[in-house]
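Coordinate inspection notes
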Amino acid sequence: MLDDHSRLARAVHQPALVRLHRALSRLPSVLTVMNTGAHPDDEMNGILAAMRFAYGMRIVVACSTRGEGGQNALGPERGGALGALRTAEMEEAARRIDADVAWLGHGPDDPVHDFGFSKNGDATLRRWGEQRMIERLVQAYRQYRPDIVIPTFLDVPGQHGHHRAMTRAAETALALAADPAAFPEHAERGLTSWQVSKFYLPAWSGAGYAYDDELPPPPATLSIQVIGGDPVTGLAYKQLGEWSRAAHASQGMGVWRDNPTDQWSLHLKLQAGASPDHERDVRDHLPANLRDLAGTLGLAEAASAALRYAQEHIDAAIAAFPDRRAISETLGHAARLIEEAQTGMDRSARDLLGHRLDRKLREIDAAIFEANANTARAVLYGVGHPGARVELDVAVDAPSLANLKVVPRLPDGIEATEVSRESGRVRYAITIPETASYTGQYPATFDPMGGNGPAGLRILGEIHGRTATIDLDPEVPLTIGPQQSLSLDPAVVIVRTDAPASGIRVQTLGAEPTNWQMPQGWTIRRQDNDWMIDPPREINPGVSTLTPILDGRPASTIRTIAYPHIRPTAFIAPAELKVLALDVALPKGARIGYVGGGSDNVGTHMRHLGLDVTDLTEADLKAGSLSEFTTIVVGIFAFGLRRDLQAATGRLHRFVEESGHLVTLYHRPTDGWDPDRTPPRRLAIGSPSLRWRVTDPSAPVTVLEPDSPLLTSPNKIESSDWQGWDKERGLYFAADYDPAYEELLSLNDPGENPLKGSLISARIGRGRHTHVALVLHHQLDKLVPGAFRLLANLVQPV
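Here is a short report on the structure shown in this document.

Quick notes on the rules
Residues numbered from 1 in each chain as written. Predicted model: local features only at pLDDT ≥ 70, side-chain atom pairs only at ≥ 80, totals over all residues. Heavy atoms only, no water. Helix = DSSP H or I, 4+ residues; strand = E, 2+ residues; numbered from the N terminus. Contact = heavy atoms within 4.5 Å. Polar contact = N/O pair within 3.5 Å; in protein donor to acceptor, adjacent residues only side chain to side chain. Buried < 20%, exposed > 50% of the residue type's maximum accessible area, 1.4 Å probe, protein only. Phe/Tyr/Trp six-rings, centres within 6.5 Å; stacked < 30°, edge-to-face > 60°. Lys NZ or Arg CZ within 6 Å of the ring centre and 35° of its normal. Pairing = 2+ DSSP bridges. Axes fitted to C-alpha atoms, helices over the stretch in contact; angles between N-to-C directions. Parallel < 35°, antiparallel > 145°, perpendicular 65-115°, else oblique. Left-handed = near helix turned anticlockwise from the far one by under 90°. Nonpolar A, V, L, I, M, F, W, Y, C, P; charged D, E, K, R; others polar. Salt bridge = Lys/Arg side-chain N within 4 Å of Asp/Glu carboxyl O.

Attention now goes to the environment of R693. For R693, the location among the structural elements is in the loop between β31 (683-685) and β32 (701-703). Along the chain, R693 and E418 lie 275 residues apart, while their C-alpha atoms are 59 Å from each other. Once you skip the residues sitting within four places of it in the chain, R693 turns out to touch F117, K119, E728, G730, L731, Y732, F733, D749 and L755. In this structure the side chain of R693 is engaged in a polar contact, spanning 3.2 Å, whose partner is the side chain of E728.

Here is the structure:
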């Protein structure tokens, strides 16, 4: 539930006149354009904003993954939690440009997921399942019935393998979507074959600091240029697109562009029933509005005339802005004319045009509601879990709508009972049965016009001789999850195999477990208010998992992922204690200062190892005594996230000169990293990153300096330490650096030249700087033993 300040802020940032103008701007067009991409943030926000707000088209983003294998510049979310965060970010980005979202992948447990960077489209499709990916795209085409499909990226070498796979599948799915014999099971879901009219490719290169398209883009067959910008905000559509992209804050997206030109070049690769040719307008050869639909061959004259008149009324309603009464009356006439046209159509005409007219009626109803409603709000009270009773409070102030009805939309088996009603307000009690399933963490779709989540409302009211209907979502969606949340402190423990801990003290936060599930040989007992866990006397290396049991089932941890730019989302994860038994020695006398940017858990993992770690604050970096530390570790992205760290580079350089060991974890070139000023000696990060990373987590590692203390002390790093790595070896390798830096490792993806910038170190003055482009932080999260042994070496004093 939103607090009062949040509710006020949302209302102020969504003024009634803006909402009405946006609702009217949907009405000029009957076309739908779909943009396909592999990750949240792949969408072409600028051109989509122009097509939606300048042309009135419906825009749909089809996204194959939740981005769960990516990075996070905001906080600690990784894996499934990052996928939930990026799903919420994609929804917010879509909300800002009024886009639908069709998700083709359903989280990390689905075969179609973000498994990390890929350089190969074929390998990506093999991992996703090519037939599975194509079937899901065919389903999306048949569900949303786009007239135009535009992938964001080209299928060319040098591009991300996920992008290449998505573009290839998007093209393959075109013919299959139009074939009634392909995937006949779709008919059971009410989906029929659909012919996409145009398939465009971007006529620009996708090369940049991340990618390096090896082939030139196809020639432009169409140049789209929109003059004048968005009438509501005064922004260019590219700027409005950047506002949408800013919702992908975990990826650092959204930049201000001065005086951008709203112009894009496209290449028409395929056109249904014709050879692609140069065009003057993206809407050429398509029915752009109701007036064009009126010219459909075989359409009865009465229906044709009704559609022409309906278009005239829509044009008049748009011209009447901001006169709410005139808008409402004129749109009421338009809706009745469309319904009259539908009545006069034969079966073939309804099959051909029905989806466009149904959509237009829904858009008209939304505009009529905006013209007549002062307030529409639904608030859920209570926590949803099996057996719970929650309340839904609905407030609708729309005096012009007669016989107003509010109908709850609920999952099967869940009932709502009206408990009170007064003028403009109704309250329902919702009973969730004990057998109710938990809400999925990755919704399959997002619709900016409502109808999202497992529960909502349908509002119906009579006006201008017909019933207008809209969907209203609650401020915060209904989430059905475990009744109790349990978390463990600590959730990760490291024990040394040569001297295992005699007892591991664990606190439970929230609910108390009734039992524990644990491997053979482990015991657990209560001590004071905590749990004491005793490992076997002889513990084998590796990870052991202990699971608290609550009400007869494994306990879960429920957390709310909340950032200012998204709507809060609940994430449910198993409550587990992971114990890593490890043969590791710690460097003697190491006192470590850690400068994190919130994007990794390296500081926590160093503490798990038993190292002496202090988190350095702004005051520490500005004026504190750095000499009390033997080693300072800078977390990933930190120079881009902490201005205090940027300001302290001079002090860090002196720390190194005066016998300190500075360890920097990988940074992107855009993370405030100045090759000549940020590190103690020149060190440039490779770009585009595709050329400076090793994506195969099992790629062979060649040790170039076997006698380096960083690889021999206090742990001798051996071939076994490179085994079991997850996702990839490293990225953003150093590309150009001062001769003082010593290259310690060489590694490469299959068929590529060796890269030597993954781990480099230089003696500088009486100290040392070590730069680590290995994805060490991810391996630590995955409890890879070799990563902890290497980390212990890297933080050693000089």
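Next comes the rest of the description.
Here we come to helix α2 (residues 16-25). Three or more residues of α2 are buried, namely L20, R22, A23, L24 and S25. Turning to α2, the residues buried within the fold contact α3 (45-53), α8 (237-245), α10 (301-319), α11 (324-343) and α12 (347-372).

Aromatic ring pairs are defined here through the distance separating the ring centres and the angle between the ring planes. All chains considered together, the criterion is met by eight aromatic pairs. With a centroid separation of 5.8 Å and an interplanar angle of 85 degrees, the aromatic rings of F639 and W673 are classed as edge-to-face. In this pair, F639 is assigned in helix α15 (residues 638-641) and W673 in the loop between β30 (661-665) and β31, connecting sequence segments 34 residues apart. F639 gets classed as buried once you look at its relative accessible area, which sits at 2%. Note on W673: relative accessible area 6%, which makes it buried. It is R526 that lies over the ring of W531; its NZ or CZ is 4.4 Å from the centre. Across the ring face of F117, the terminal group of R693 is positioned such that the distance to the ring centre comes to 3.7 Å.

Side-chain positions along a regular strand alternate between the two faces of the sheet. Taking burial as the measure, the seven residues of strand β15 (residues 466-472) include five buried ones, the bulk of the element. Sheet topology note: the strand β14 (residues 456-463)/β15 ladder contains seven bridges and is antiparallel. Counted as the bridge partner of G461 is A468 from β15. A loop of two residues connects β14 with β15, the two strands running antiparallel in sequence, and H464 in this loop sits at a positive phi of about 55 degrees.

This part is about the packing of α2 against α11. Axis angle and axis distance: for two packed helices, these are the angle between their axes and the distance between the axes, and together they describe the pair. Look at α2 against α11: their axes get within 13 Å of each other, and the N-to-C directions meet at 25 degrees. In this view, α2 runs roughly parallel relative to α11, as classed from their interaxial angle. Helix-helix and strand crossings are classified by hand; for α2 and α11 the assignment is left-handed. Here α2 contributes A16, L17, L20 and L24 to the contact with α11, which in turn contributes R324, I327 and L331. Of the residues in the contact of α2 with α11, the class split is six nonpolar, no polar and one charged.

This part is about the pattern of salt bridges. Between side chains of opposite charge, a pair can form as their charged atoms come close. For the coordinates displayed, the defined rule picks out 56 salt bridges. Residue R7 is joined to E475 by a salt bridge in which the shortest nitrogen-to-oxygen separation is 2.7 Å. With R7 in helix α1 (residues 4-12) and E475 in the loop between β15 and β16 (486-489), this pair connects stretches of sequence that are 468 residues apart. Take E475: its relative accessible area is 11%, and that puts it in the buried class. For R427, the salt bridge is made with E391, and the minimal N-O distance between the two is 2.4 Å. Here the residue R427 occupies a position in strand β12 (residues 425-431), and E391 occupies one in strand β9 (residues 389-397), the gap between them amounting to 36 residues. When salt bridges that share partners are traced, they join R389, E391, D393, R425 and R427 into one network.

Moving on to the pairing of strand β29 (residues 631-634). Of the two faces of β29, the one carrying T631 and V633 and the one carrying I632 and V634 are both buried. One ladder, built from four bridges, connects strand β27 (residues 591-595) with β29; its direction is parallel. Within β29, the position partnered with G593 by the bridge is I632.

Any functional reading would require information that these geometric values do not contain.
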